[in-house]
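Here are the chains, one letter per residue:
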Amino acid sequence: MVDKFVGTWKMISSENFDDYMKALGVGFATRQVGNRTKPNFVMSVDDQGAICMKSQSAFKTTEVKFKLNEPFEETTADDRKTRTVVSLDNDKLIQKQSWDGKETLIEREISDGKLVAKCIMGDVVAVRTYVKE
């Protein structure tokens, strides 16, 4: 299940993230901060099966709690208000955010012991890689 994603993950690389943020419609100033920020990704599961995902940095910490396949309201780090669903598909944790007629996917998987997050908006793909602390 999601157990292999549980833990604290430190970002070691971020590719094409500025283009991804542009595709989302993120403004220049926020993109500058977003490009310099190297957040930790923290995931936990409580005893009722609710999943908690946190993105922690000196700039901003965001947190969402949810159950797989159950839609919830999310306020993203760049302040978008989205309807989000997270599912598990072929060992990938897929986070689908929908807002204002738009949609983005964040696909997370474990590859060679690293957490690889692909952020997809249309034909723009950013890849952020994390190692477990």
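Preceding this paragraph is the structure being described.
How each quantity is defined
Residues numbered from 1 in each chain as written. Predicted model: local features only at pLDDT ≥ 70, side-chain atom pairs only at ≥ 80, totals over all residues. Heavy atoms only, no water. Pairing = 2+ DSSP bridges. Helix = DSSP H or I, 4+ residues; strand = E, 2+ residues; numbered from the N terminus. Axes fitted to C-alpha atoms, helices over the stretch in contact; angles between N-to-C directions. Phe/Tyr/Trp six-rings, centres within 6.5 Å; stacked < 30°, edge-to-face > 60°. Buried < 20%, exposed > 50% of the residue type's maximum accessible area, 1.4 Å probe, protein only. Lys NZ or Arg CZ within 6 Å of the ring centre and 35° of its normal. 1 Å grid on protein atoms, 1.4 Å probe; cavity = no way out; pocket = protein on both sides within 12 Å on 5 of 7 lines; lining within 4 Å. Points joined across faces, edges and corners; volume = space filled by probe spheres on them. Nonpolar A, V, L, I, M, F, W, Y, C, P; charged D, E, K, R; others polar. Lys, Arg positive; Asp, Glu negative; His and termini not counted. Salt bridge = Lys/Arg side-chain N within 4 Å of Asp/Glu carboxyl O. Polar contact = N/O pair within 3.5 Å; in protein donor to acceptor, adjacent residues only side chain to side chain. Contact = heavy atoms within 4.5 Å. Core = buried A, V, L, I, M, F, W, Y, C linked by side-chain atoms within 4.5 Å.

A. Quick look at the sheet that holds strand S6 (residues 81–89). One open sheet holds the ten strands; their spatial order is S4-S3-S2-S1-S10-S9-S8-S7-S6-S5, and the pairing between them is antiparallel. Only two strands of the sheet have a single neighbouring strand rather than two, namely strand S4 (61–66) and strand S5 (72–75). The average angle at which neighbouring strand axes cross in this sheet is 25°, direction not considered.

B. Region of the structure containing the packing of aromatic side chains. Applying the stated criterion across every chain, the model contains three aromatic pairs. Arranged with centres 5.2 Å apart and planes meeting at 5°, the rings of Phe66 and Phe72 form a pair that is stacked. The buried category is assigned to Phe66, whose relative accessible area is 4%. In this structure, Arg80 is placed above the aromatic ring of Trp99, and the distance from its NZ or CZ to the ring centre is 4.5 Å. Positioned above the aromatic ring of Phe17 is the side chain of Arg128, whose terminal nitrogen or guanidinium carbon lies 3.6 Å from the ring centre.

C. Expanded view of unusual backbone geometry. We note that Asn16 has phi near 70°; this positive angle belongs to a residue other than glycine. You can see Asn16 is positioned in the loop between strand S1 (7–15) and helix H1 (17–24). On the basis of relative accessibility, which here comes to 35%, the residue Asn16 falls in the partly exposed class.

D. Representation of the layout of surface pockets within the structure. Taken as a whole, the largest pocket spans an internal volume of roughly 680 Å³. Around the largest pocket, the lining is made up of 34 residues, and of these Phe17, Ser55, Thr62, Ala77 and Arg128 lie nearest the centre. For the lining of the largest pocket, the element with the most residues is H1, which contributes four residues. Split by residue class, the lining of the largest pocket holds 15 nonpolar, eleven polar and eight charged.

E. Structural detail: the side chain of Arg128. By secondary structure assignment, the location of Arg128 is in strand S10 (residues 124–132). One buried charged residue, Arg128, forms no salt bridge at all, with the nearest opposite charge on Asp18 at 10.0 Å. Within the local environment of Arg128, its side chain forms a polar contact with the side chain of Ser14, the two groups lying 3.1 Å apart. Beyond its immediate stretch of four places on either side in the chain, Arg128 contacts Met11, Ser13, Ser14, Phe17, Gly34, Thr37, Pro39, Leu115, Val116, Ala117 and Cys119.

F. Main features of the pairing of S5. Burial of the side chains of S5 is restricted to one face: Phe72 and Glu74 are buried, whereas none of Glu73 and Thr75 on the reverse face is. When S5 meets S6, the two strands line up antiparallel, connected through four bridges. Opposite Thr75, over in S6, you have Lys81 as the bridge partner. What sits between the antiparallel neighbours S5 and S6 is a turn of five residues, in which Asp79 has the positive phi angle 75°.

G. Representation of the nonpolar core within the structure. Counting 27 residues, the largest nonpolar core has Tyr20, Met43 and Met53 as its most contacted members. Secondary-structure elements contributing two or more residues to this core are S1, H1, strand S2 (40–45), strand S3 (51–56), S4, strand S7 (92–99), strand S9 (114–121) and S10. Not counting residues within four places of it along the chain, the set of residues in contact with Met53 comprises Phe41, Val42, Met43, Thr62, Glu63, Val64, Phe66, Leu93, Gln95 and Arg108.

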